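So you can see what is in the structure, the chains are spelled out below.
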Amino acid sequence: MYAASCIGIGKESQKWSEDDIKRLEIGVVGEAGFNSLAIFRSGIIAGNVHTPTVLAWMGRLIPGPLGAIDQSDIGRAFVGEFLQGSGGTTILENALMKQRSRGLLQGQIDTD
């Protein structure tokens, strides 16, 4: 059994500490008895109807975990993580999601 968490961090929850966020992600989602929990921290989601185009464009200029990522990359990262993941709890930020997505597109992840 696998679970994925992609909890949105909005205006108010940006004030939370890293420990508070982990308590929510791991404590609430992770307590459901799953063999594997993948936590996706995407940053700015480009191509999403809730993300203004200008914000997505500007997000591409921001390096690191707060930069933009295309929603299609997030979807492929979900698939890649479930096919290749190692079990336990994994936190995937923007760069690792892009890596998983590219691996799936380039056939580096076995889909059989």
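Residues numbered from 1 in each chain as written. Predicted model: local features only at pLDDT ≥ 70, side-chain atom pairs only at ≥ 80, totals over all residues. Heavy atoms only, no water.

1. Notes on the overall build of the chain
From N to C terminus, the chain includes four helices and five strands. Sequence-ordered secondary structure for the chain, helices as α and strands as β, is β-α-β-β-α-β-α-β-α. The buried share among the 112 residues of the chain stands at 30%. Accessible surface computed for the chain: about 7,000 Å², of which carbon and sulfur atoms make up 56%. (Helix = DSSP H or I, 4+ residues; strand = E, 2+ residues; numbered from the N terminus. Buried < 20%, exposed > 50% of the residue type's maximum accessible area, 1.4 Å probe, protein only. Areas by Shrake-Rupley, 256 points an atom, 1.4 Å probe, with all protein chains shown as cover.)

2. Focus on the pattern of salt bridges
In this structure the tally under the stated criterion is four salt bridges. The residue Arg-76 makes a salt bridge to Asp-73 at a minimum N-O spacing of 2.8 Å. Here the residue Arg-76 and the residue Asp-73 both occupy positions in helix α3 (residues 71-84), the gap between them amounting to three residues, near one helical turn. For Glu-81, the salt bridge identified is with Arg-100, shortest N-O distance 2.8 Å. (Salt bridge = Lys/Arg side-chain N within 4 Å of Asp/Glu carboxyl O.)

3. Describing the pairing of strand β2 (residues 36-41)
Burial runs high along β2: six of the six residues are buried. The alternating pattern of β2 places Ser-36, Ala-38 and Phe-40 and Leu-37, Ile-39 and Arg-41 on opposite faces, both of which are buried. Summarising the sheet, β2 and strand β5 (residues 88-93) pair through six bridges and their orientation is parallel. Looking at β5, one finds that Phe-40 is bridged to Leu-92. (Pairing = 2+ DSSP bridges.)

4. Remarks on the packing of aromatic side chains
If you walk through the whole model with that rule in mind, you get two aromatic pairs. Note on Phe-40 and Phe-78: the rings are 4.1 Å apart at their centroids and 5° apart in plane angle, and the pair reads as stacked. Here the residue Phe-40 occupies a position in strand β2, and Phe-78 occupies one in helix α3, the gap between them amounting to 38 residues. Measuring from centroid to centroid gives 6.4 Å for Phe-78 and Phe-82, while their planes differ by 70°, and the two rings are edge-to-face. Highlighted residues: Phe-78 and Phe-82, both in helix α3, separated by four residues, approximately one helical turn. (Phe/Tyr/Trp six-rings, centres within 6.5 Å; stacked < 30°, edge-to-face > 60°.)

5. Some details on the environment of Ile-39
Its place among the elements puts Ile-39 in strand β2. The spatial distance from the C-alpha of Ile-39 to the C-alpha of Ile-26 is 8.4 Å, given a sequence separation of 13 residues.

6. Some thoughts on the side chain of Glu-81
Relative to the helices and strands, Glu-81 resides in helix α3. When neighbours within four sequence positions are excluded, Glu-81 is seen to be in contact with Ala-38, Phe-40, Ser-86, Thr-90, Leu-92 and Arg-100. (Contact = heavy atoms within 4.5 Å.)

7. Comments concerning the side chain of Asn-94
Take Asn-94: it is sitting in helix α4 (residues 94-105). There is a polar contact of 3.1 Å between the side chain of Asn-94 and the backbone oxygen of Ser-42. There is a polar contact of 2.7 Å between the side chain of Asn-94 and the backbone oxygen of Gly-67. (Polar contact = N/O pair within 3.5 Å; in protein donor to acceptor, adjacent residues only side chain to side chain.)

8. A few points about the nonpolar core
With seven residues, the main nonpolar core is built from Ala-38, Phe-40, Ile-69, Ile-74, Ala-77, Leu-92 and Met-97. Going through the elements one at a time, β2 and α3 are the ones with two or more residues in this core. Other than its neighbours up to four places away in sequence, Ile-69 contacts Ser-42, Ile-44, Ile-45, Ala-46, Ile-74, Asn-94, Met-97 and Lys-98. (Core = buried A, V, L, I, M, F, W, Y, C linked by side-chain atoms within 4.5 Å.)

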